[in-house]
Amino acid sequence: MPGLVSVKTPADAPPLRLAVPEAQPQRPEPTNPPRTPMKKPPSPTPSRSKPSPGRPGKKQSDSPGLSSATAAAAAAMDDPSLDNPDLGPFLLKLARDAIASGEGPNKALDYAIRATKSFERCCAAAAPAIPGGGDGGPVLDLAMSLHVLAAIYCSLGRFEEAVPPLERAIEVPDPTRGSDHALAAFSGHMQLGDTFSMLGQIDRSIACYEEGLKIQIQTLGDTDPRVGETCRYLAEAYVQAMQFDKAEELCKRTLEIHRVHSEPASLEEAADRRLMAIICEAKGDYENALEHLVLASMAMNANTQETEVASIDVSIGNIYMSLCRFDEAVFSYQKALTLFKSSKGENHPLVASVFVRLAELYHRTGKLRESKSYCENALRIYNKPVPGTTVEEIADGLMEISTIYESVDEPEEALKLLQKAMKLLEDKPGQQSAIAGLEARMGVMYYMLGRYEDSRNVFESSVTKLRAAGERKSAFFGVVLNQMGLACVQLFKIDEAAELFEEARGILESERGSCDQDTLSVYSNLAATYDAMGRIEDAIEILEQVLKLREEKLGIANPDFEVEKRRLTELLKEAGRSRNHKAKSLQNLIDPNARPPKKEPSAKKWPSLGFKF
């Protein structure tokens, strides 16, 4: 049996075009990831782009073949022939043959359910305590059957039903009984992690990968090249979860393993360095990111990988643009554009992606005519995609172009592009976090257009998806809560707004600290909400805290300081207080002779309360 190999789902694969092997399945190496977009929600690298159902609330009865699978399970419970130890392997072979012959996954599912039940009965007869492996019985065959059953469920888009078989599969083998058991346990953890990733449950996915890595290290040692592949895979998962420090630690470990086992300038090293460049870029370490990309490009050149060299050139251009080295960025982009056109054709989505990069660059340098021209060229390709173009590629391009339209104050056009991207992704698995981020941007667009009810509703959908994906403690989640609170304020849903601001405050304080600009904006919004609710003392307490932070740590040059000082002076006067007894450092900041501006009848309307996006 082969050693422990990382089991991975290809980047742009449709939900599991299933081909069940005779032995434990091996997954292809992860493809080289692109740059992590700035100011976006967690953006998966290609080998981490795992589908999650676009409509998790859809009833299971809508899935094809559900009734037949239920009937098969019920029939298997009462079928005495399944006690035959030769029947399980035969049924598993029939399941593989059904898939290979194109009969469809529904028939394969029927065979796999019956095979699994047969293996379970035989294991129970041979050793009543199956967990841990027992002393006999086809426990490894049972594990394999459970893996196949889960894979078929995934191929039908029924990811939640794949979880129980995989949870059972990791209980069956005992890794201490040898490499065969260890391989079965490792594969089970990795497949379960992939399934959680398809469901958008990133935290549970990472926990499974961690367990799989532990088993692999215990069996193979911590310097085996296969351990390096799994470390890189786990690092990609951490990038998707925006946990860049952990990702960097694992990626460094992978580089060290490949230095020992691979030739200099190998493809493995190039892939590691591209991932490390993503991590460095996300952390703002552009110089180190550039160094890794240059080394990766040299490795790809040495291996005559022209298309990959062009992709790296795009990433290098991105770094140059972040460093405001625009001439060098243009050179890198034009070089990539030439390679893509010659190798892929004039209308390939990779060509469109370079057009988008050039459009963004020219927008940043104030050349709006050139920027618009490149946007139109990219849209021409996305509107008439060549065969083989994935909807994810089109949606990503549309979202990036919408950012440019948003920047030039064309929110209607930006919103149209976002809606089109949403339509492309809504029924695609593995896009839950991406859709949540897209909805958050749509919420901002609706807010800018004064469509506050639409803004609140789409923010609510985004928040629900982010909670389900386990991102309820991320800084991005806190920012979305703040924006949803603002929409609620415009709709006079004051209590709901206060709850959202309070939750956002807790998250941002934990993730970014009290001095972060997003945290300060939430403080200001919460104070304004408390003021509107009549909770004057609570509002005063928050504004005193904000002014103290600005005075002692951030400085008072920010124009918000004067606005917040004036608001606090008004509230103190309204509360019958002339100075802050709790924060004496503010005594010199608040002018005791200050007079609040004359209040107009509309002074309590929401726009005057100082809310901040």
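Note that this is a predicted model, so its numbers are computed, not measured.

About the thresholds
- Going along each chain's sequence as written, the residues are numbered from 1 onward.
- Only residues with pLDDT of 70 or above have their local features reported here, since the model is predicted, and side-chain atom pairs are shown and tallied only from 80 upward, although totals for entire chains, interfaces and linings are computed over all residues.
- To obtain the side-chain values, all non-hydrogen atoms of the structure were included, while hydrogens and water were left out.
- Buried residues of nine kinds, namely Ala, Val, Leu, Ile, Met, Phe, Trp, Tyr and Cys, make up a nonpolar core once their side-chain atoms join them within 4.5 Å.
- Burial classification: accessible surface area is computed with a 1.4 Å probe over protein chains only, and a residue below 20% of its type maximum counts as buried, one above 50% as exposed, and the rest as partly exposed.
- Here a strand is any run of E in DSSP of at least two residues, a helix any run of H or I of at least four, and the numbering for each starts at the N terminus.
- Fitted lines through C-alpha atoms serve as axes, helices being fitted only where they are in contact, and the angles separating the N-to-C directions of these axes extend from 0 to 180 degrees.
- Between 65 and 115 degrees an angle is taken as roughly perpendicular, under 35 as roughly parallel, over 145 as roughly antiparallel, and anywhere else as oblique.
- Two helices crossing with the near one rotated counterclockwise from the far one by less than a right angle form a left-handed crossing, whereas a clockwise rotation gives a right-handed crossing.
- Any two residues whose heavy atoms approach within 4.5 Å are treated as being in contact.
- Within the patch definition used here, like charges are joined within 9 Å and nonpolar side chains (Val, Leu, Ile, Met, Phe, Trp, Tyr) within 5 Å, considering only residues with over 30% relative accessible area and no salt bridge.
- Residue exposure ignores everything except the shown protein chains as possible cover, and the areas themselves are Shrake-Rupley values with a 1.4 Å probe.
- For salt bridges, the criterion is a side-chain nitrogen of Lys or Arg within 4 Å of an Asp or Glu carboxyl oxygen.
- As a per-residue measure, pLDDT reflects the predictor's confidence and takes values from 0 up to 100.
- Any residue outside Ala, Val, Leu, Ile, Met, Phe, Trp, Tyr, Cys, Pro, Asp, Glu, Lys and Arg is labelled polar, Gly included; the first ten of those are nonpolar and the last four are charged.

1. Quick look at the nonpolar core
In this structure, Tyr333, Tyr382, Ile401, Leu438 and Met442 are the most contacted members of the largest nonpolar core, which totals 127 residues. In terms of residue count, helix α20 (residues 475-490) provides more of this core than any other element does, 11 residues in total. One finds Ile99, Val163, Ala169 and Met198 within the second-largest nonpolar core, a separate group that totals 36 residues.

2. Here we look at the packing of helix α7 (residues 202-220) against helix α8 (residues 225-240)
Where α7 contacts α8, the two axes come as close as 10 Å, and the packing angle between them is 165°. Regarding the angle of α7 to α8, the classification is roughly antiparallel. The handedness of the crossing between α7 and α8 comes out as left-handed. Contacts between α7 and α8 pair Ile202, Ile206, Tyr209, Glu210, Leu213, Gln216, Ile217 and Leu220 from the former with Arg226, Val227, Thr230, Cys231, Tyr233, Leu234, Ala237, Tyr238 and Gln240 from the latter.

3. Examining a nonpolar patch on the surface
Together, Val294, Leu295 and Met298 make up a nonpolar patch on the protein surface, roughly 250 Å² of accessible area in all. Mapping Met298 onto the fold places it in helix α11 (residues 286-302).

4. Focus: the pattern of salt bridges
Counted under the stated rule, the structure contains 31 salt bridges. Taking the shortest distance from any N to any O, the salt bridge between Lys117 and Glu120 comes out at 3.4 Å. Taken together, the residues Lys117 and Glu120, both in helix α3 (residues 105-126) and three residues apart, mark about one turn of the helix. The exposure class of Lys117 is partly exposed, given its relative accessible area of 21%. Among the ionic pairs, Lys283 bridges to Asp245, the shortest N-O distance being 2.8 Å. With Lys283 in the loop between α10 (267-282) and α11 and Asp245 in helix α9 (residues 244-261), the pair connects residues that are 38 residues apart, well separated along the chain.

5. Some thoughts on the confidence of the model for the protein chain
With 75% of its residues at a pLDDT of at least 70, the protein chain reaches an overall mean of 78. Considering only residues more than four positions removed or in separate chains, one finds that residues 1-69, a stretch of pLDDT under 50, has 189 contacts. Here residues 578-610 is a poorly scored stretch, pLDDT under 50, and it has 43 contacts once near neighbours within four places are set aside; other chains count.

6. Structural notes on the packing of helix α18 (residues 432-448) against α20
The relative placement of two packed helices is expressed as an angle between their axes plus a distance between the axes. Taken N-terminus to C-terminus, the directions of α18 and α20 make an angle of 30°; their axes are 11 Å apart at the nearest point. With respect to α20, the axis of α18 lies roughly parallel. Of the two possible hands of crossing, α18 and α20 adopt the one that is left-handed. Facing α18, whose interface residues are Gly437, Ala440, Val444 and Tyr447, α20 presents Phe476, Val480, Gln483, Leu486, Ala487 and Gln490. Split by residue class, the contact of α18 with α20 holds seven nonpolar, three polar and no charged.

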